[in-house]
Amino acid sequence: MSIIVENITKLYKEQKALNNVSFNVNENEIVGFLGPNGAGKSTMMKIITCYIPPTEGKVKVCGFDINDQSIDVRKNIGYLPEHNPLYLDMYVKEFLVFIGGLYKVKNINQRVKEMIDLTGLQIEQNKKIGALSKGYRQRVGLAQAMIHDPKVLIMDEPTTGLDPNQLEEIRGLIKKLGKEKTVMLSTHIMQEVEAVCDRVIIINHGDIVANDTTQSLKQYKAKQIISVEFDSIIDLSKIQSIEGVELVKQLEGNKYQIITSDEKDIRKDIFNIAVQNNIGVLTLNKEEQKMEDVFKELTKK
Ligand code: ADP
Ligand code: MG
């Protein structure tokens, strides 16, 4: 286990930013930490990276405790903070050499070159950071986070503020890095999790409200809700017998809501059953439950 978070609570004066939060992150897993603004994502990441102490609870990173082994924790973590603080007056290469020096990285010039190649900064390496676009600044942020070859990468909203092309590039880069590293990234964008992460932990108002594989969240998405209104009473068991039907809810009158377990469109089956039973269909609509809906459902309060 790369990261073990146990019963973390964080109070800012009276305000509770994290409420008894526990979760684990496995080695070489890419986990998305998803939640609306103010949910507590940055607070959790600052605690894991030893920037602020928790009020209560325990965190271990690669077996080291954040309270009494913070130097070892930092050696094992690369951190890209939310607003990616960079020295805008420094040159890309100069900055990476400087950061590498702080970590006492050996063969520093070789390592900086590797990071520049990895993050695709070859052409920009001799430019001032202040002259770079937001997407390239994120690459510099990733390069500095990786310079000491940490096992764990923590990235706080790494794609916020990027244009669609930059977004694609940075996501690709994160996925590439995730093959050899444990990655935890925060985001408030559901599609991001779908595109990049193996697992998602959803946080809302300081509480964990979901912790599941992206795959099972996708299955959530696959569910369909069919709304149908007949012109007379229908035998419910006939609808229930359609393959894929999970639940039939009777609304008022002859209106029904049918929830299916997979992506198969059963509207035709419903129609055929109605015809066979000499029943008219007044309305027949399909609503798809999106991952966003799952997210909204879990984070409404
Ligand atoms: P997120 O990153 O999910 O947007 P944060 O962890 O930044 O959320 O914030 C969680 C809550 O804690 C918010 O209500 C925020 O206003 C509050 N908060 C964050 N940092 C501080 C601070 N330094 N002092 C007081 N309150 C804070
Ligand atoms: Mg934040």
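Details of the structure are given in the entry above.
Residues numbered from 1 in each chain as written. Chains lettered and ligands numbered in written order. Predicted model: local features only at pLDDT ≥ 70, side-chain atom pairs only at ≥ 80, totals over all residues. Heavy atoms only, no water.

Even after reading the chapter, I still don't get the site of ligand 1, so can you show me in this structure?
Close to ligand 1 lie Tyr 12, Gln 15, Ala 17, Pro 36, Asn 37, Gly 38, Ala 39, Gly 40, Lys 41, Ser 42 and Thr 43. Within the backbone of Gly 40, an N or O atom sits 3.0 Å from an oxygen atom of ligand 1. Contacts to ligand 1 include Lys 41, whose side-chain N or O atom sits 2.9 Å from an oxygen atom. When the free accessible area of ligand 1 is taken as 560 Å², the share hidden by the protein chains comes to 62%. Looking at the shell around ligand 1, the elements with two or more residues in it are strand S2 (15-25) and helix H1 (41-48). The leading source of residues in the shell around ligand 1 is H1, at three residues. Class assignment for the residues of the shell around ligand 1 results in four nonpolar, six polar and one charged. (Near = heavy atom within 4 Å. Polar contact = N/O pair within 3.5 Å; in protein donor to acceptor, adjacent residues only side chain to side chain. Areas by Shrake-Rupley, 256 points an atom, 1.4 Å probe, with all protein chains shown as cover. Helix = DSSP H or I, 4+ residues; strand = E, 2+ residues; numbered from the N terminus. Nonpolar A, V, L, I, M, F, W, Y, C, P; charged D, E, K, R; others polar.)

It is not clear to me how the coordination of the magnesium ion (ligand 2) should be interpreted in this structure. Could you clarify?
When a metal holds four donors in a tetrahedron, each ideal angle between them is 109.5 degrees; when it holds six in an octahedron, the ideal angles are 90 or 180 degrees. Taken together, the protein ligands of the magnesium ion (ligand 2) are Ser 42 (OG) and Glu 82 (OE), with distances of 2.0 to 2.8 Å. You can see Ser 42 sitting in helix H1 and its partner Glu 82 sitting in the loop between strand S6 (77-80) and helix H3 (92-102), a full 40 residues away along the chain. Classification of Ser 42 by relative accessible area gives buried; the value is 15%. The exposure class of Glu 82 is partly exposed, given its relative accessible area of 33%. (Donors = N, O, S within 2.8 Å, 3.2 Å for Na, K, Ca; no water. Buried < 20%, exposed > 50% of the residue type's maximum accessible area, 1.4 Å probe, protein only.)

For this particular structure, what's the right way to read a nonpolar patch on the surface?
Together, Tyr 87, Phe 98, Leu 102 and Tyr 103 make up a nonpolar patch on the protein surface, roughly 420 Å² of accessible area in all. Leu 102 gets classed as exposed once you look at its relative accessible area, which sits at 56%. (Patch = residues over 30% accessible without salt bridge, like charges linked within 9 Å, V, L, I, M, F, W, Y side chains within 5 Å. Salt bridge = Lys/Arg side-chain N within 4 Å of Asp/Glu carboxyl O.)

When you look at the packing of aromatic side chains in this model, what are you seeing that I'm missing?
Aromatic ring pairs are described here by two measures, namely the spacing of the ring centres and the angle between the planes. Summed over all chains, the structure comprises five aromatic pairs. Measuring from ring centre to ring centre gives 5.7 Å for Phe 230 and Tyr 256, while their planes differ by 55 degrees; the resulting arrangement is tilted. Of this pair, Phe 230 sits in strand S11 (residues 224-230) while Tyr 256 sits in strand S13 (residues 255-260), and the two are 26 residues apart along the sequence. Like Tyr 256, Phe 230 is buried. (Phe/Tyr/Trp six-rings, centres within 6.5 Å; stacked < 30°, edge-to-face > 60°.)

Could you clarify how one ought to interpret the nonpolar core in this entry?
The tendency in soluble globular proteins is for nonpolar side chains to be buried side by side. In terms of nonpolar packing, the biggest core is built from 43 residues, with Phe 95, Leu 96, Val 140, Met 155 and Leu 185 touching the most fellow members. The contact partners of Leu 96, leaving out residues within four places of it in the chain, are Val 112, Ile 116, Val 140, Ala 143, Gln 144 and Ile 147. (Core = buried A, V, L, I, M, F, W, Y, C linked by side-chain atoms within 4.5 Å. Contact = heavy atoms within 4.5 Å.)

Just checking my understanding: could you explain the packing of H3 against helix H5 (residues 134-146) for this structure?
How two helices pack is summed up by the angle between their axes together with the distance between the axes. Between H3 and H5, whose axes approach to 9 Å, the crossing angle comes to 25 degrees. Overall, the two elements H3 and H5 adopt an arrangement that is roughly parallel. For H3 against H5, the interelement crossing comes out right-handed. Of the residues in H5, those in contact with Val 92, Phe 95, Leu 96 and Ile 99 of H3 are Val 140, Ala 143 and Gln 144. (Axes fitted to C-alpha atoms, helices over the stretch in contact; angles between N-to-C directions. Parallel < 35°, antiparallel > 145°, perpendicular 65-115°, else oblique. Left-handed = near helix turned anticlockwise from the far one by under 90°.)

Help me understand the sheet that holds S2, please; the structure alone is not making it clear to me.
Strand pairing in a sheet relies on backbone hydrogen bonds. The paired strands run either parallel or antiparallel. The sheet built from four strands is open, its strands ordered S2-S1-S4-S5 with antiparallel pairing. Among the strands making up the open sheet, the edge pair consists of S2 and strand S5 (64-65). Of the strand pairs in this sheet, strand S1 (residues 3-12) and strand S4 (residues 56-61) are connected by five bridges, and their pairing is antiparallel. Considered in S4, the bridge of Val 5 is made with Val 59. Along the sheet, H1 makes contact with S1, S2 and S4, crossing S1 at roughly 120 degrees. (Pairing = 2+ DSSP bridges.)

I keep staring at the pattern of salt bridges and nothing clicks. Help me out?
When the charged atoms of two side chains lie near each other, side chains of opposite charge can form a pair. Counted according to the given criterion, the structure contains 12 salt bridges. The residue Arg 199 makes a salt bridge to Glu 29 at a minimum N-O spacing of 2.8 Å. Of the two residues, Arg 199 sits in strand S9 (residues 199-204) while Glu 29 sits in the loop between S2 and strand S3 (30-34), which places them 170 residues apart along the sequence. Given the relative accessible area of 11%, Arg 199 is considered buried. Residue classification places Glu 29 among the buried positions, given a relative accessible area of 10%. With its nearest N and O atoms 2.6 Å apart, the salt bridge here joins Lys 181 to Asp 149. In this pair, Lys 181 is assigned in the loop between helix H6 (164-178) and strand S8 (182-187) and Asp 149 in the loop between H5 and strand S7 (152-156), connecting sequence segments 32 residues apart. Residue Lys 181 is classed as buried on the basis of its relative accessible area of 6%.

Sorry if this is basic, but what is going on with the pairing of S6 here?
The two faces of a sheet get side chains in turn, since along a regular strand they alternate between them. Side chains Ile 77 and Tyr 79 of S6 all project onto a buried face; the interleaved residues Gly 78 and Leu 80 project onto the opposite face, where all are buried too. With four bridges connecting them, S6 and S7 associate as parallel partners. Along S7, the bridge assignment pairs Tyr 79 with Ile 154.

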